[in-house]
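Observations on chain architecture
Each chain, letter by letter, is given below.
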Amino acid sequence: MDFRTPVRPITTDIRIDHRHPVVMTGSCFTGNIGRRMERGLFDVLVNPSGTIYNPLSISRTIRNSIEGKHTNGSDLVFHDGLYHSMDHHSSFSSCDRDDVISRVNTSADLTREYLKNASALIVTWGTARTYRYVPTQSVVCNCHKLPAGMFETVNLEADDICRDWSMLIEELHSLNRNLNIIFTISPIRYKAYGLHESNLDKAVLLTAADRLVKRFSDRTVYFPAYEILLDDLRDYRFYAPDMIHPSETAVDYIYEIFSKSFYDEATQKFEKQCLKLTSRLSHRFMTDNIEAINEFKQSTDSLAAELISKCGEVAATIEKFRQ
C-alpha cells in the first residue's frame, strides 16, 4: 500500500545546462532554488530586481528591462530618510538617491543581457494579491513600510494575469527566440490572509499559469513545486518552524525533482563535480598549517581547471563563486 502521492519529474524537451544562462525571478522560493543552482555553477541570474511576489510587478520589471527603460530618479519615493523604487525590493533602497538610480539601471541592463542569451526564464509567482500606490495608481512590488493609507488592495484575476503575460511572452520571444519559460507557483501559503483566502489566491495563480502554458505550449511549461510540497510532502516534518515555509530538506527534494526534469544525465553528472568544487571553495580552514593549506588550495585549483577544460563557460561562474 502506498501512503504517499509522489510527484514524478515532468516530461519536457526544455533543457538547462552549464553552457547557457538562466534568469530566475519572483518570490523567495526562487531564491531557494537559485542558490542551489549557483552552488552547482550554473550561470544563473537570481531575482535581479529583488524578491517580487505578484505577477504584474514581475512582468513590469522584466518588460522595463527588455525595453531598456532607465530611471532618472523622478519615480523614486522618499520616506523615512530613504529613497525607494516602487518596482523593486527594499534591498535597492538607500539614503543615497544616486546609488538607487545606479543600481536600478544596472540591474535592468544586466537582466536584458541575460535574457538575450538565456535558455530559460524561471518565474515563481507568490500571490495574486497586490497593492496599488494611490498617488500614481500603479501596482507596486513593495510597499516599503509607507503609510497604509497610501495603498489600495487589489486582488488580481486570472484574466488580468493572462492578458499581461501573454503580451510579455511575445516580447520575450522577440528578444530571444530560443528562450523557454518555466512557471512555478510558490508553495508558501499566506496564513495572514486566512487559509481559505490563501487557497483562493493560489487558485488564481494556478489557473493563470495553466492557461498560459496551454496557449504557449511551444515555449512554456509548468513545474509543480506547489504540488510537491502540499501533496507529495504532506507532512509538517517538511516545514520550517513557522509551519509555512518549506524546510531545507523539502527544498532539496523539490530541487532534486527539478533537476531530473530539466537536466540531462550529462548535466546532472557535471553538476555533482561542480558541487565538489564549490564545497571546497566554501571551506574555512581550522588550521594554520601552511603546507596543508597550500596542498588543499592546489587540489582545488586543479579541480577547477579540470571543470573548465570540460566546459569553458563555468570559468566565469567559478570566479563569481570565489567572490
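Structural data are supplied above this passage.
Described below are features of the structure shown in this document. (Residues numbered from 1 in each chain as written. Predicted model: local features only at pLDDT ≥ 70, side-chain atom pairs only at ≥ 80, totals over all residues. Heavy atoms only, no water.)

1. Concerning the nonpolar core
By size, the foremost hydrophobic cluster in this structure holds 68 residues, and its most contacted members are Ile16, Met37, Trp125, Trp165, Phe183, Phe223 and Phe262. Excluding anything up to four places from it in sequence, Trp165 contacts Pro55, Ile58, Ser59, Ile62, Val123, Trp125, Phe183 and Leu212. The next biggest cluster of nonpolar side chains, apart from the first, holds 11 residues, and it includes Leu41, Leu277, Leu303 and Ile318. (Core = buried A, V, L, I, M, F, W, Y, C linked by side-chain atoms within 4.5 Å. Buried < 20%, exposed > 50% of the residue type's maximum accessible area, 1.4 Å probe, protein only. Contact = heavy atoms within 4.5 Å.)

2. Points about the sheet that holds strand 5 (residues 120-125)
Pairing is parallel across the open sheet formed by 5 strands, whose spatial order is 2-1-5-9-10. If you trace the sheet from one side to the other, it starts and ends with strand 2 (44-46) and strand 10 (220-222), each paired once. Between one strand and the next, the sheet's axes are offset by a mean angle of 15 degrees, whatever the strand orientation. By the bridge criterion, 5 bridges tie strand 1 (residues 22-26) to strand 5 in an arrangement that is parallel. Its bridge partner lying in strand 5, Met24 is registered against Ile122. (Pairing = 2+ DSSP bridges. Helix = DSSP H or I, 4+ residues; strand = E, 2+ residues; numbered from the N terminus. Axes fitted to C-alpha atoms, helices over the stretch in contact; angles between N-to-C directions.)

3. Things to note about the sheet that holds strand 6 (residues 129-133)
The antiparallel open sheet is built from 3 strands, whose spatial order is 7-6-8. Sheet topology places strand 7 (138-140) and strand 8 (151-155) at the edges, where each strand pairs with a single neighbour. Direction aside, the axes of adjacent strands within the sheet are offset by 45 degrees on average.

4. Observations regarding helix 6 (residues 225-232)
Burial analysis of helix 6 places 7 of its 8 residues in the buried class, which makes it a mostly covered element. Those residues of helix 6 that sit buried are Ala225, Tyr226, Glu227, Ile228, Leu229, Leu230 and Asp232. Contact partners of the buried residues in helix 6: helix 1 (28-39), strand 9 (180-185), helix 5 (195-215), strand 10 and helix 7 (248-262).

5. Considerations on the packing of aromatic side chains
The relative placement of two aromatic rings is captured by the distance of their centres and the angle of their planes. Considering all chains together, one arrives at 15 aromatic pairs under this definition. Measuring from centroid to centroid gives 6.1 Å for Tyr255 and Phe258, while their planes differ by 20 degrees, and the two rings are stacked. Remark: Phe258 and Tyr255 occur in helix 7; sequence separation between them is 3 residues, near one turn of the helix. An identical accessibility class is assigned to Tyr255 and Phe258; each is buried. Ring centres of Phe258 and Phe262 lie 4.9 Å apart, and the angle between their planes is 50 degrees; on these two criteria the pair is classed as tilted. (Phe/Tyr/Trp six-rings, centres within 6.5 Å; stacked < 30°, edge-to-face > 60°.)

6. Observations concerning the layout of surface pockets
Summary: where empty space remains is shown by rolling a probe the size of a single water molecule over the atoms. In this model, the largest pocket occupies a volume close to 430 Å³. If you go around the largest pocket, you meet 25 residues; those closest to its centre are Asn64, Thr71, Asp75, Ser85 and Asp87. Within the residue set of the lining of the largest pocket, elements represented by two or more residues are helix 2 (55-66), helix 3 (97-117) and strand 7. Ranked by residue count, the leading element in the lining of the largest pocket is helix 2, at 4 residues. Residue composition of the lining of the largest pocket, grouped by class: 8 nonpolar, 13 polar and 4 charged. Looking at the second largest pocket, its volume works out to about 350 Å³. What lines the second largest pocket is a set of 14 residues, and nearest its centre among them are Tyr53, Tyr131, Cys141, Asn142 and Cys143. The biggest single contributor to the lining of the second largest pocket is strand 6, with 3 residues. The residue makeup of the lining of the second largest pocket, split by class, is 7 nonpolar, 5 polar and 2 charged. (1 Å grid on protein atoms, 1.4 Å probe; cavity = no way out; pocket = protein on both sides within 12 Å on 5 of 7 lines; lining within 4 Å. Points joined across faces, edges and corners; volume = space filled by probe spheres on them. Nonpolar A, V, L, I, M, F, W, Y, C, P; charged D, E, K, R; others polar.)

7. A short note on the environment of Met243
Along the chain, Met243 turns up in the loop between helix 6 and helix 7. Exposure remark for Met243: the relative accessible area of 36% places this residue in the partly exposed category. Along the backbone, Met243 and Ile188 are 55 residues apart, and their C-alpha atoms lie at a distance of 9.5 Å. Met243 has contacts with Arg189 and Tyr236, leaving out every residue within four places of it along the chain.

Function cannot be inferred from these measures alone, as they are strictly geometric.
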